[in-house]
Structure formats: structure tokens, C-alpha cells
There are 2 protein chains.
Amino acid sequence: MADYKAPLRDIQFTMYELLDYEQHWQALPKFEETGADIANAIMEENAKFCENVLAPINQSGDAEGCQWNDGEVTTPKGFKEAYQQFVEAGWPSMTHSPDHGGQGLPPSLGLVLNEMVGTANWSWGMYPGLSHGAMNTIEEHGTDEQKEVYLTKLVSGEWTGTMCLTEPHCGTDLGMLRTKAEPNADGSYAISGTKIFISAGEHDMAENIVHIVLARLPDAPAGTKGISLFIVPKFNIAEDGSVADRNGVSCGSIEHKMGIKASATCVMNFDNAKGYLIGPPNRGLNCMFTFMNTARLGTALQGVAHAELGFQKSLDYARDRLQMRSLSGVKNPDGPADPIIVHPDVRRMLLTQKAFAEGGRMLMAYCGKLVDIISNGEEESAKEADAKLAFLTPICKAFLTEVGFESANHGVQCFGGHGFISEWGAEQNVRDCRISMLYEGTTGIQALDLLGRKVLMSQGEIMKPFTKEVHKFCQANAGNPLVATLAEANKQWGELTMKVGMAAMENPDEVGAASVDYLMFSGYVVLGYFWALAATKAQAALDEGRGDAAFYTAKVQAANFYFARILPRTESLATTMTSGASSLMDMDVESFAF
Amino acid sequence: MADYKAPLRDIQFTMYELLDYEQHWQALPKFEETGADIANAIMEENAKFCENVLAPINQSGDAEGCQWNDGEVTTPKGFKEAYQQFVEAGWPSMTHSPDHGGQGLPPSLGLVLNEMVGTANWSWGMYPGLSHGAMNTIEEHGTDEQKEVYLTKLVSGEWTGTMCLTEPHCGTDLGMLRTKAEPNADGSYAISGTKIFISAGEHDMAENIVHIVLARLPDAPAGTKGISLFIVPKFNIAEDGSVADRNGVSCGSIEHKMGIKASATCVMNFDNAKGYLIGPPNRGLNCMFTFMNTARLGTALQGVAHAELGFQKSLDYARDRLQMRSLSGVKNPDGPADPIIVHPDVRRMLLTQKAFAEGGRMLMAYCGKLVDIISNGEEESAKEADAKLAFLTPICKAFLTEVGFESANHGVQCFGGHGFISEWGAEQNVRDCRISMLYEGTTGIQALDLLGRKVLMSQGEIMKPFTKEVHKFCQANAGNPLVATLAEANKQWGELTMKVGMAAMENPDEVGAASVDYLMFSGYVVLGYFWALAATKAQAALDEGRGDAAFYTAKVQAANFYFARILPRTESLATTMTSGASSLMDMDVESFAF
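Source: prediction; values computed, not measured.

This brings us to the side chain of N58 of chain A. Residues and elements named next belong to chain A. If you trace the backbone, N58 turns up in helix α4 (residues 58-64). What makes N58 buried here is its relative accessible area of 11%. With sequence-adjacent residues up to four places away left out, N58 is seen in contact with A120, N121, W122, L309, Q428 and D432.

So, about a negative patch on the surface. Together, E378, E379, E380 and E384 of chain A make up a negatively charged patch on the protein surface. Turning to its location among the elements, E380 of chain A is positioned in helix α11 (residues 379-414).

One chain copy maps onto the other through a rotation about an axis and a shift parallel to that axis. Least-squares fitting of chain B to chain A yields an RMSD of 0.0 Å, with the superposition described by an axial translation of 0.0 Å and a rotation of 180 degrees. Taken together, the rotation and translation describe the operation of a two-fold axis. For chain B, the minimum C-alpha distance to the rotation axis belongs to S572 of chain B and amounts to 2.7 Å.

Attention now goes to the side chain of T162 of chain A. All names here are of chain A. For T162, the location among the structural elements is in strand β3 (residues 159-164). Classification of T162 as buried rests on a relative accessible area of 0%. Separated by 2.9 Å, the side chains of T162 and H211 make a polar contact. When sequence neighbours within four positions are dropped, the list of residues in contact with T162 reads A134, I198, S199, A200, G201, I209, V210, H211 and I212.

This brings us to the interface of chain B and chain A. Note: interface size is frequently given as the accessible area lost on complex formation between the parts. In this complex, chain B contributes 97 residues to the contact, which on the side of chain A involves 96 residues. Together chain B and chain A conceal approximately 8,300 Å² of surface at their shared face, both sides included; 62% is due to carbon and sulfur atoms. Contact with chain A buries area across many residues of chain B, yet F420, F592 and F594 of chain B alone supply 11% of it, more than any other trio. Counting the contacts that link chain B with chain A gives two salt bridges. For R565 of chain A, the salt bridge goes to D517 of chain B, with nearest N and O atoms at 2.9 Å. Between the two partners, chain B and chain A, sit 49 residue pairs in polar contact (both at pLDDT 80 or more). Ranked by residues supplied to the side of chain B that touches chain A, first place goes to helix α17 (residues 549-566) of chain B with nine residues. Residue composition of the side of chain B that touches chain A, grouped by class: 46 nonpolar, 29 polar and 22 charged.

Here we come to the packing of helix α16 (residues 509-543) of chain A against helix α17 (residues 549-566) of chain A. If you want to describe how two helices pack, look at the angle between their axes and the distance between the axes. Residue and element names in this part refer to chain A. It is at 8 Å that the axes of α16 and α17 come closest, and there the two elements cross at 150 degrees. If you check the angle between α16 and α17, you find them roughly antiparallel. Here α16 and α17 pass one another in a crossing that is left-handed. Contact residues: α16 offers G523, Y524, L527, G528, W531, A532, A535, A538, Q539, A541 and L542, while α17 offers A549, Y552, T553, K555, V556, A558, A559, Y562, F563 and I566. Residue composition of the contact of α16 with α17, by class: 16 nonpolar, four polar and one charged.

Residues and elements named next belong to chain B. Interhelical geometry of helix α15 (residues 483-506) versus helix α16 (residues 509-543) gives an angle of 165 degrees and a closest axis separation of 10 Å. Looking at the two axes, α15 sits roughly antiparallel to α16. By crossing handedness, the relation of α15 to α16 is classed as left-handed. Together, L486, A489, N490, Q492, W493, L496, T497, V500, A503 and A504 of α15 and E510, V511, A514, Y518, F521, S522, V525, V526, G528, Y529 and A532 of α16 make up the contact between the two elements. Partitioning the contact of α15 with α16 into residue classes produces 15 nonpolar, five polar and one charged.

All names here are of chain A. Evaluation of the coordinates by the stated rule reveals 54 salt bridges over all chains. For the salt bridge of R546 with E17, the shortest nitrogen-to-oxygen distance reads 3.5 Å. Within this pair, whereas R546 is found in the loop between α16 and α17, its partner E17 is found in helix α1 (residues 8-18), the two being separated by 529 residues in sequence. By relative accessible area, R546 is classed as partly exposed at 46%. As a salt-bridge pair, R546 and E544 come within 3.1 Å of each other at their nearest N and O atoms.

This paragraph deals with the domain arrangement of chain A. All names here are of chain A. Annotation of chain A at the domain level lists domain 1 (288-452) and domain 2 (456-583). If you average the C-alpha positions of domain 1 and of domain 2, the two centres end up 18 Å apart. Counting residues at the interface gives 33 residues for domain 1 and 32 residues for domain 2. Buried area between domain 1 and domain 2, summed over both chains or domains, comes out near 2,700 Å², and the portion from carbon and sulfur atoms is 82%.

All names here are of chain A. Inspection of the secondary structure puts M577 in helix α18 (residues 569-577). Put simply, M577 and L519 are 58 residues apart on the chain and 9.9 Å apart in space, counted from C-alpha to C-alpha. Beyond its immediate sequence surroundings of up to four residues, M577 is in contact with L496, V500, A514, D517, Y518 and F521.

Residue and element names in this part refer to chain A. The pairing of strand β4 (residues 180-183) with strand β5 (residues 189-199) spans four bridges and is classified as antiparallel. Residue pairing for β5: K180 is matched across the bridge by S192. Connecting β4 to the next strand, β5, in antiparallel fashion are five residues, including G187 with a positive phi near 90 degrees. Bridge analysis of β5 against strand β11 (residues 265-278) gives eight bridges, and the strand direction is antiparallel. Paired with S199 across the strands is T265, a residue of β11.

Attention shifts here to helix α9 (residues 284-320) of chain A. Taking 1.5 Å per residue, 37 residues should reach 54 Å; α9 of chain A reaches 54 Å between its end C-alpha atoms and fits that length. A large share of α9 of chain A lies buried, amounting to 29 of its 37 residues.

Moving on, we come to the pairing of strand β6 (residues 208-215) of chain A. Residue and element names in this part refer to chain A. Counting buried positions along β6 gives eight out of eight residues, so the element sits mostly inside the fold. Burial along β6 is two-sided: the face carrying N208, V210, I212 and L214 and the face carrying I209, H211, V213 and A215 are both buried. Bridging between β3 and β6 involves six bridges; their strand directions are parallel. Its bridge partner lying in β6, T160 is registered against I209. Where β6 lies against strand β7 (residues 228-233), six bridges are found, and the strand directions are antiparallel. Counterpart to I212 in the pairing with β7 is I231.

So, how was this worked out
Residues numbered from 1 in each chain as written. Chains lettered and ligands numbered in written order. Predicted model: local features only at pLDDT ≥ 70, side-chain atom pairs only at ≥ 80, totals over all residues. Heavy atoms only, no water. Helix = DSSP H or I, 4+ residues; strand = E, 2+ residues; numbered from the N terminus. Buried < 20%, exposed > 50% of the residue type's maximum accessible area, 1.4 Å probe, protein only. Contact = heavy atoms within 4.5 Å. Patch = residues over 30% accessible without salt bridge, like charges linked within 9 Å, V, L, I, M, F, W, Y side chains within 5 Å. Areas by Shrake-Rupley, 256 points an atom, 1.4 Å probe, with all protein chains shown as cover. Salt bridge = Lys/Arg side-chain N within 4 Å of Asp/Glu carboxyl O. Lys, Arg positive; Asp, Glu negative; His and termini not counted. Charge placed at Lys NZ, Arg CZ, Asp CG, Glu CD. Least-squares fit on C-alpha atoms with pLDDT ≥ 70 in both. Polar contact = N/O pair within 3.5 Å; in protein donor to acceptor, adjacent residues only side chain to side chain. Buried area = accessible area lost by both parts, 1.4 Å probe. Nonpolar A, V, L, I, M, F, W, Y, C, P; charged D, E, K, R; others polar. Axes fitted to C-alpha atoms, helices over the stretch in contact; angles between N-to-C directions. Parallel < 35°, antiparallel > 145°, perpendicular 65-115°, else oblique. Left-handed = near helix turned anticlockwise from the far one by under 90°. Domains from an automatic or database assignment. Pairing = 2+ DSSP bridges. Expected span 1.5 Å × (residues − 1).

Shown next, in the form of C-alpha cells:
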């Protein structure tokens with residue numbers, strides 16, 4: 001059994017057949033030279049690296065974990081070497097601007113590559129993944145000098161980056177953060193404080209680490225409006241740009257945690273560390289949004305990754321493991337029993353994983369197009385794409401990680417008791433996935449962002465471009481048997497938004513009471529749109545006799561499965577999200593337990 | 001923060017106020033001397049042992065795990081000492097027959113004690129837990145001599161027991177098992193073969209281990225009708241009943257697994273081990289059903305245990321952790337933020353855990369009464385109770401572990417990122433819980449047992465005593481605002497059974513396609529009955545002004561929550577379970593992935 005096989009056929013269907021990536025790239029001046037031939041060659045190389053280098057050290061990385069010793073962190077066997085290969089092949093620079101050594105490829109292609117890296121080895125992918133956050137922040141808010149000194153080294157992959165937000169007493173509530181930045185005489189700042197949960201905060205893979213740190217200036221107002229952003233390198237930089245003496249930042253310990261054990265989660269102590277202001281004073285949280293949105297899309301990919309990996313592992317097992325006979329007649333007469341894939345409930349678990357992995361891939365590829373349009377810079381279309389992406393991002397992040405976790409658990413369940421045993425890797429997939437619903441804003445926070453901050457604050461306007469697109473699709477494809485159901489769900493989505501909005505005007509707690517159910521409802525409808533779209537495209541290919549009939553037939557069947565077994569979850573969610581806040585709010589804090 | 005606090009108030013409400021345990025015991029000759037005073041004294045002692053001895057070694061046991069060294073297994077620090085205390089206090093003998101040194105207390109009380117032990121430390125509880133399976137099997141099927149030699153030592157706790165069913169190539173499909181039993185000249189048998197996943201198969205806590213082993217006699221027919229049951233002690237027994245030389249059974253290794261790491265999961269090698277036939281030849285699987293049903297109820301408790309533990313941990317955290325302000329106005333003006341329990345979605349997650357922990361407790365206590373009636377021996381009532389328990393057991397096992405796992409995950413989610421960190425224990429609770437949906441028959445197997453083997457084979461007759469009880473309750477309590485909803489769900493349950501049954505007559509795959517959704521639907525309705533019952537009892541106490549108003553008010557509120565936010569899940573399940581098998585069965589095995 002291979003550790004991981006990159007699903008290139010499905011990725012290419014999603015890009016070219018479902019979402020017309022070639023035409024999309026050609027229409028954007030920055031990316032017009034990216035054709036399917038180039039993209040496919042890159043993806044095939046990436047697939048090889050993921051399958052042959054990253055996947056084989058995924059399970060060993062989990063077993064070994066990271067080691068902390070007197071401030072130094074050692075990553076598991078093979079991690080450093082894989083990173084060197086990654087840098088030498090030029091992967092870190094793929095989607096960054098040629099101004100700083102990047103290759104200028106579309107961000108959408110980067111998302112596709114990241115899915116493969118993350119599925120092969122999520123823990124490993126965290127190290128270069130965090131760098132992208134730092135790069136995007138410096139690219140958008142840094143001075144030319146900061147770009148010259150830090151960005152080029154990050155783009156080349158010689159250095160890695162981190163984002164230092166969380167402190168022991170504040171995660172979601174960054175307004176409470178205490179890390180201080182005192183001005184030095186030379187224009188730099190002395191940063192002091194403790195940050196926790198810093199992924200890739202310390203490791204042995206690169207010669208320097210560039211921390212992006214949230215801290216308060218001495219005269220800063222309280223709360224979120226008094227937070228500034230600083231660049232704090234692990235090693236100070238000499239005049240010639242080379243690495244000099246050690247800065248006042250060190251890793252105090254690493255966390256023992258449920259999963260992604262090969263990713264170092266660090267406590268970082270800043271003790272008068274030399275830092276450089278990035279962006280305007282007291283506007284750090286605004287600057288941080290650039291990173292946060294990237295990070296949220298990156299984490300959304302984690303849902304797809306664990307659904308895909310769980311699916312691959314459990315599908316292999318379900319085809320091999322012989323146990324019991326099919327209730328509708330023996331399917332493997334020469335064997336002592338039938339492979340468990342004959343059993344309807346095993347198929348239900350496999351198809352659920354498939355529906356979420358492939359459906360999530362479609363949604364992410366759709367978002368990738370939006371990112372391309374935004375980064376291409378043409379004002380009007382960028383603004384529209386930005387609004388649509390703002391709407392879809394919390395859905396991607398929370399919905400895809402929730403169903404990714406469900407999928408990873410179905411993956412375990414297909415193995416029976418063997419799923420609980422480490423050797424098969426199915427249980428690691430669950431443990432690694434669990435963090436995705438927590439970091440970069442929990443599911444509850446995403447749901448408040450979606451319903452409260454975006455949908456209701458815009459009085460529903462922000463969702464309209466998307467729901468209109470679904471509506472137009474339904475009108476144009478009325479012949480597809482799935483479309484009537486989709487149109488109904490799309491209509492109900494709007495009605496529920498109204499209903500929840502009305503309730504929220506009476507009582508603000510109604511927002512929080514409805515929000516997670518509303519977000520999940522939204523996710524099921526969004527994925528319903530992409531599955532219906534996939535079914536129409538696949539059916540057209542079959543009707544035209546384009547070949548590859550088995551692939552297109554399976555696509556139509558998977559869509560049928562989604563509509564029969566998954567989309568109806570909206571029914572219960574519609575009821576619970578409108579059941580009112582009182583069943584949640586009535587109980588006294590003291591009365592929850594006796 | 002305490003590691004665990006036994007929820008005695010809620011347990012007592014469930015036993016005495018909800019289910020009239022005192023009258024129930026008084027009506028059964030075997031248990032008529034068990035009153036609330038005795039039972040409460042025992043439960044309070046047990047609570048102390050669980051809180052003070054077992055809970056403090058739960059997290060350290062996970063971190064340390066079991067160690068295998070050349071066939072010997074060492075349990076984590078404190079485990080052996082805790083077991084000695086347990087034995088000295090007489091806990092193993094509590095519910096067993098006085099004929100073999102037991103104390104003859106009702107099995108229902110044993111279930112209550114087991115919930116506390118399991119919540120405090122599930123891994124530890126596996127060792128004495130498995131012994132009960134061995135005891136029940138020998139008590140029911142053993143000869144007088146076997147009872148004298150083995151049962152008395154198991155009842156005293158001096159020895160422990162195991163159940164050896166699974167082999168590498170067969171778990172669910174025991175018909176394929178290969179372990180052989182060759183007759184010896186002295187009337188014993190030479191047992192040879194490999195068993196896997198043997199909980200407590202080897203350890204350092206007791207002086208001998210009594211394995212109950214499934215194996216085949218030389219002339220046995222193929223399949224499940226050729227399996228016999230044997231007693232195979234780790235050490236042979238001398239004439240005087242003392243431990244003699246080592247038998248030919250050894251532990252080849254222990255599994256590395258996701259959770260319950262302090263419970264040794266052993267590969268057991270039988271190499272001409274001396275065994276003794278128990279029960280009639282070739283009827284081993286039938287004899288095993290005694291154990292399996294006990295084990296399934298025991299595993300159902302695991303769902304309650306992890307829901308309760310997750311609830312306790314996350315409730316403490318949600319009351320302490322300050323983060324953000326309530327949307328409906330500041331609740332903690334003197335602090336820098338409000339405790340997160342003010343947020344509606346945090347309450348949703350807490351109340352979901354509470355609803356499943358307390359609801360599961362009610363269901364298990366109801367089943368405990370049935371076990372009492374069965375073991376009391378009065379023929380007609382025992383037969384009725386047996387049929388009802390047969391119907392409820394797969395629901396208890398699968399539904400309570402599924403919602404227990406959901407609860408454990410809500411527990412983690414309430415902690416935000418800290419939930420992923422080992423130190424809080426929330427993530428261990430998820431890992432420990434994950435096995436409960438797998439062992440003793442997966443959720444899928446329970447669902448086939450419920451729908452295929454029980455409900456449809458009896459043409460629905462087996463469910464009627466329970467649904468009639470619900471119906472009568474609804475008629476008698478029409479004034480309760482929850483009852484109309486319950487009556488509707490109960491009616492729908494019957495209708496869906498008919499519908500699924502009709503479809504199954506056309507195509508047997510419809511059973512497997514509907515089974516898990518059907519089981520979950522059943523579970524939600526069953527728990528709906530208990531929550532409605534709890535609400536009526538609590539409301540009556542409030543109306544009568546019996547005092548303790550905060551407790552009863554919270555019970556009514558929790559019931560309202562269950563009906564508003566949990567029971568509506570039946571809506572989607574009703575749709576998906578009747579959507580037909582074709583969306584699952586159409587896809588070719590080769591077309592699941594490309």
C-alpha cells in the first residue's frame with residue numbers, strides 16, 4: 001500500500017474541466033503565460049516529491065516527534081533533508097513575485113500544490129506553510145528595505161517565517177495581548193513578552209527564522225486598536241544581509257499534543273529582542289488580516305487533506321480485507337469471505353470521505369481563482385473577488401475542517417479495530433486533523449465571522465453574488481435531476497438568513513446561537529453547488545463520448561450520493577438554527593452541574 | 001481543578017426519582033434487601049475510590065503506557081496498587097453470586113459503579129472489566145468444578161480474566177477463526193493459535209489470568225457452527241487450587257494505539273496450551289453471546305463516561321477562561337473579559353455533552369433494571385426483559401459511543417487551541433473514546449444487529465414493548481410541552497421501520513444502507529423519551545416545592561435543550577435512511593478512485 005498517491009486526475013478535472021482554469025489564467029495579465037502544460041508539469045513534479053519524499057516520513061515523524069533541548073528543536077529524521085530538497089527545487093518561490101526572486105505563478109496553483117504537500121505530510125508542510133504567511137505580510141506591508149533583507153530569503157526558502165499572535169491568556173481575544181515594544185535609539189524596538197502555540201517557532205531546518213510579532217507600543221491605546229506588528233529575526237542581520245549574532249528570542253519549550261507531533265509548537269520568549277515595525281503603528285491587527293485570511297484558506301486545505309488521506313487508506317483496506325458475505329449474494333466466491341467494500345455501510349463511509357475530499361477540492365479551487373483575480377490587481381474585478389472570498393473563507397475554514405475530521409474518523413471506522421492501531425496510520429490522520437478546527441480561529445469564531453460580521457452586517461448583500469451564481473446555474477441546468485434540490489436549498493439559505501437576521505435584531509445572542517448551524521448549512525449548500533456542477537460537466541463528457549467513461553460515471557454517481565445522503569443534513573440544521581437562543585441561554589452558570 | 005467528581009446527585013436522581021429503583025429492587029426476591037441507604041453508602045465509597053485513587057492516575061497512565069518486555073507487561077505507575085486496594089475493598093465481588101464468594105448485589109448497581117470507575121480511568125477499568133465477562137461466562141456455562149477452581153478466584157479479584165476471540169484475519173467474521181483445540185489424553189485440550197486485540201491479556205496486577213478462548217475441535221464443522229469455548233489459565237492450577245507451572249500461553253507483543261494506552265492490548269500466542277472445554281462442543285459462539293451482551297452494555301457505558309468527563313473538564317474551563325465579551329452585554333465587568341460560558345455556542349457544546357452524559361445515564365440505568373429482572377430469574381418477566389434488552393443493547397452500544405465521541409470532541413473544542421495540548425486531558429478523552437465505536441462490534445455491526453437481526457427478523461415485534469411504553473407515557477403526560485414532539489417522533493419511528501422493511505424485502509442491501517441512520521434515529525428517540533420523562537419528574541418536584549429547585553430547573557432546561565437542538569437530527573436521518581441503496585451500491589469497486 002502506497003503512503004499517498006496524488007489524485008492528479010481529479011485535480012485536473014477540477015481545474016480544467018470544472019473551473020476552466022486555462023481560460024481563467026489567460027484572462028489575467030499576470031498569469032496569462034501559465035497554461036495547462038506548464039501547470040501539469042509542475043504538479044507532476046510536486047506529486048513525485050510528495051509521494052516519494054514527504055509521505056514516507058509522515059508516520060515516522062509522528063512516532064518520533066520533535067525534540068526540545070535547551071532551546072534547540074530537532075525535527076524528526078528526514079525532515080531537514082526533505083526541506084533542503086524542497087528549497088533546492090525552488091518550491092518556496094513558486095507563487096511569489098519575481099521582484100523578490102519568486103516565479104510569479106498563480107496563487108491558485110500554489111493552493112493545489114499545498115494540498116498535495118499537506119496530504120502527504122501535514123506536519124512537515126507547516127514549516128514552509130507558515131513562511132508564506134510571513135512572506136505575504138512583508139510583501140504587503142513591509143518597506144523596500146524589509147523586503148530586500150527578509151523577503152528574498154524567505155522566498156528562496158533559505159529562511160523560514162512564523163506568526164506570533166497568541167499569548168497564554170489570549171488567543172481569540174487579541175485585544176488583551178501584553179507583549180511590549182519599547183523604542184530603541186536606532187529606530188528599532190525592544191520586544192518583550194511570551195507567545196505560545198508558535199508553529200515552526202524553532203527548528204533545525206533553516207539558518208534563520210523571521211518572526212512576525214504582535215506587540216504594544218508604550219503609548220498604545222488599550223484593546224485591539226493598540227496593537228502593532230514587528231519583524232523579529234532569530235539571528236540579527238549584518239550589513240551585508242548575512243546572518244549575524246543571536247537576537248533576544250528563544251524557544252522555552254514545545255507542547256506535547258494530540259497530533260501534528262512533527263510540527264514544533266513553541267513557547268517563544270522575547271526578552272528585549274530587536275524588532276522592526278512593519279506597517280503603521282497601532283494598525284497591526286489590520287495588517288494581520290492579510291495573513292489570517294491566507295492562513296484560514298491554508299487551514300481549510302487541511303480538511304481536504306485529511307479527508308483525502310483517510311479515503312485513500314480506508315479504500316485500500318476495504319478492497320483488501322475479507323470479512324463476511326454481501327447480504328445480496330456472494331461477490332468473491334473463490335475467497336473465504338467478500339472484501340468489506342461490498343457492504344453498504346462501508347461504502348457509505350468511503351463515499352462520504354470521497355464526497356468531502358473531492359467536493360472540498362472543488363471549493364478550494366474555486367477560491368483559488370478568486371485569489372488569482374485579487375492578486376492580479378484589476379480594481380473592479382479584484383474588489384468583487386475579494387468580497388466573495390471574504391464570504392467563502394470562514395465556510396472553507398470551518399466547514400471543510402469539520403467534515404474533514406468527520407471523514408478522517410470514517411477512515412478509521414472502515415478499518416474496524418485495526419483503525420485504532422498506530423501501524424495503519426488511520427488514527428494518526430484523526431489526531432493530525434483535530435487541530436484544524438481549533439487553530440486560525442475555531443469553528444465557532446468562523447461562524448460568528450460569517451453570520452455576524454459578514455452576512456448580517458452587510459444585510460445579506462455579501463452572499464448575493466454567490467447565491468445568484470447558484471441560481472443562474474440552476475436555471476441553465478434545469479434538466480439535471482439534482483438541480484431542483486439545489487435550487488430549493490439555495491432559496492432556503494436566503495430565507496434562513498432573513499429569519500436569523502430578524503431574530504438577531506431582537507437579541508444579539510441569537511447570532512451565536514444560530515451561527516455554527518448556519519455555517520454548516522451554508523457549507524452543505526456550497527458543496528451541493530459544486531457537486532451539481534461536477535455532475536453536469538461529467539454528464540456532458542459522457543454524452544459527448546469523450547472517453548474516460550469510468551471516471552465521469554463515478555463523478556455523476558458521487559454527486560448522486562452527495563445529494564441523497566449528505567445534503568439532507570440541511571433539514572435538521574434549518575430546524576435547530578431557528579429554534580431560538582433560550583434553550584442555550586436559560587441555564588444559570590452555576591446550574592450546569594451539581 | 002479536580003480530575004473527576006462523581007455526579008452522585010444526578011445518579012441518584014436517575015435511580016430513585018426517574019426510575020424508582022427502590023420499588024424495583026423490593027419487587028425482586030434476590031435484591032429485596034437492597035435499599036437506597038445501602039446503595040448510596042456503596043456508591044459514596046466507590047466515588048471516593050474513583051476520585052482519589054483512579055482519576056489521579058488517568059493522565060499519567062496515558063503518558064506512561066504499558067511496557068512489554070520479553071513477554072511480561074508492566075502497567076503504569078499506581079495501577080497495580082490501585083488494583084490491590086480495589087480487591088481488598090471487595091469491589092470485584094459486588095454483583096456476583098454468594099455461591100462463589102460474591103455479595104449478591106443487583107447488576108444495576110454494578111453498572112452505576114462501573115460508570116464511575118470508567119469515567120475516572122477507563123484504561124484501568126478495562127482490567128477488572130474484562131474479568132466480569134469471564135466470570136459471567138463461567139457462571140453460566142461452567143461445570144461446578146470449573147466454578148470452584150476459577151470463578152471463586154475471579155470473584156475475589158485475586159485472578160483476572162480475558163476473552164480471546166479475534167485473530168489477525170478475523171474480527172467480525174468469527175466463522176473464519178483457526179485456533180485449534182486437540183484433545184489430550186487427560187480430557188483437557190491442547191490449544192494452538194494466535195489471538196490479537198486481547199485486552200488485559202498480560203499484566204502485572206494479579207497472580208493468574210484466566211483466558212476464555214474460542215477454538216476449533218479437530219472434527220468441527222466449518223464456519224460459526226464449529227467453534228468451541230475453552231478455559232486456558234496463564235498458570236496451570238495445582239490439585240489444591242493454587243497456582244502451579246506456566247501454561248503454554250504467552251504475550252507476543254502489545255499494540256501501539258491511539259488511546260487507552262494504559263490498557264494492555266495483547267497479541268496472545270497459544271502453543272499447545274492446556275485448555276478445558278466450557279459448555280457443549282461446537283456451541284462456543286452461542287455461549288459467547290452471554291459475554292458479548294455484557295461487554296456491549298459495558299462499552300455503552302464508555303460513551304457516557306467520556307461524555308461526562310469531557311463535560312466536567314470543559315465546564316470548569318468555560319467558567320474560568322476569560323475571552324471576549326458577551327454579545328448581549330458585559331457579564332463580568334470587573335474582569336478584562338467575560339468567561340467563555342457566556343457565549344451561546346460554548347453553551348451549545350456544553351449542553352450537548354450534558355444532554356448525552358445524563359441522557360445516556362438514564363438509558364443505561366433503565367437497562368440496568370432489565371438486567372436485574374433477567375438475573376432475578378422469574379420466567380415470564382425475565383423473558384420480556386430479555387427481549388427488551390436485546391432490542392436496546394445495540395442502540396446503547398452504538399448510539400451512546402457515537403454521541404460520546406461527539407461529546408468528547410465538543411469537550412476539546414471548548415478549550416480552543418488548549419484542547420489539543422495534552423496537559424489539559426481533553427484530547428486524551430477523545431483518543432480514549434475512539435475505540436468504543438470499534439470494539440465489541442463496530443457501529444455498523446450494531447446497526448445490522450438492530451435493524452436486520454432484531455427489528456426486521458421479528459417483523460417489528462421486538463420494538464413494540466418499548467414504543468408502547470413511550471406511547472403510554474405520551475398519553476399520560478399530554479400536558480408536558482415536549483410530549484407532542486416525542487409522540488410524533490415515536491410514531492415516525494414505527495413508520496420508518498415499515499418503510500425500510502418493505503424496501504429490504506425487495507433488496508437486502510437496503511438493510512445495510514439504512515441501518516446506521518436507523519440506529520441513530522432510534523437512539524435520538526430513545527433519549528428523547530428519557531429526557532421527556534426527566535422533565536416531567538423534575539417539573540413535578542418543582543410544582544410540589546420539594547426543594548433543590550436549582551437542580552430540577554436545570555433538568556427541565558436540559559430537556560428543553562435536547563428537544564430544541566438534538567432531537568431534530570432525526571429529520572435528516574429520516575430522509576437519508578429512506579433514500580435507497582443505489583447511491584451507495586452503483587459505483588464499481590474500481591471506480592472509487594483514479
